[in-house]
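Examining the three-dimensional arrangement
Below, each chain spelled out in residue letters.
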Amino acid sequence: MPSSMMYYEDTYVVLPPDMQEKFVTQPELEQLLHDLLADIQDALPYDLKNLRNIDEQVQRLVKTACDLDCGDRGRWQWYVVRLEK
């Protein structure tokens, strides 16, 4: 039986457009996405347009996506990583 630790998501690696990876916690990722989304509210991806606010948009991205095209700010990517075996 797999360990529940396999499904514990607390650390992410973020790849900004300049490709300088950085490790962040989930709250840090959520803040980063919040800031990015605040800048592109006029050009949101289709699946985010129907959500009521930025917090809901952030949660949708964290749960269902691994990248976000921010137009002039480039494409941002993030992935869950496990730092301990």
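Our subject is the structure listed above.
Attention in this report is confined to the structure presented alongside it. (Residues numbered from 1 in each chain as written. Predicted model: local features only at pLDDT ≥ 70, side-chain atom pairs only at ≥ 80, totals over all residues. Heavy atoms only, no water.)

1. A few points about the side chain of threonine 11
Where we set the bar: Runs of E in the DSSP output that reach at least two residues are strands. Runs of H or I that reach at least four are helices, and both are numbered from the N terminus. Two N or O atoms count as a polar contact when they lie within 3.5 Å, although within protein this holds only if one can serve as hydrogen donor and the other as acceptor, and sequence-adjacent residues are included solely when both atoms are side-chain atoms. Whether two residues touch is decided by their heavy atoms; if any such pair falls within 4.5 Å, the residues are in contact.
You can see threonine 11 is positioned in strand β1 (residues 11–15). A polar contact is formed between the side chain of threonine 11 and the side chain of aspartate 10, at a distance of 3.3 Å. Sequence-distant contacts of threonine 11, that is, excluding residues within four places in its chain, are made with Phe23, Val24, Tyr79, Val80, Val81 and Leu83.

2. Brief notes about the nonpolar core
Under the convention used in this document: Nonpolar cores are built from buried Ala, Val, Leu, Ile, Met, Phe, Trp, Tyr and Cys residues. Side-chain atoms within 4.5 Å join them into one set. Here the term buried applies to any residue with accessible area under 20% of the maximum for its type, exposed to any over 50%, and partly exposed to those in between, with areas from a 1.4 Å probe on protein chains only.
Counting 20 residues, the largest nonpolar core has Leu29, Leu33, Leu37, Leu68 and Trp78 as its most contacted members. Every element with two or more residues in this core is listed here: β1, α1 (26–39), α3 (54–64) and β4 (75–81). It is α1 that contributes the most residues to this core, five residues altogether. Apart from residues lying up to four places away in sequence, leucine 33 is in contact with Val58, Leu61, Val62 and Trp78.

3. Topic: the pairing of strand β2 (residues 22–25)
Rules: When DSSP finds two or more bridges between two strands, those strands count as paired.
Inspection of the sheet shows β1 paired to β2 by four bridges, in the antiparallel sense. Looking at β2, one finds that tyrosine 12 is bridged to valine 24. Hairpin connection, β1 to β2: the antiparallel pair is bridged by six residues, and methionine 19 has positive phi, about 60°.

4. Quick word on the side chain of glutamine 57
Secondary-structure assignment places glutamine 57 in helix α3. For glutamine 57, a relative accessible area of 2% puts it in the buried group. In contact with glutamine 57, other than residues within four places in its own chain, are Leu37, Gln41, Leu44, Leu48 and Leu51.

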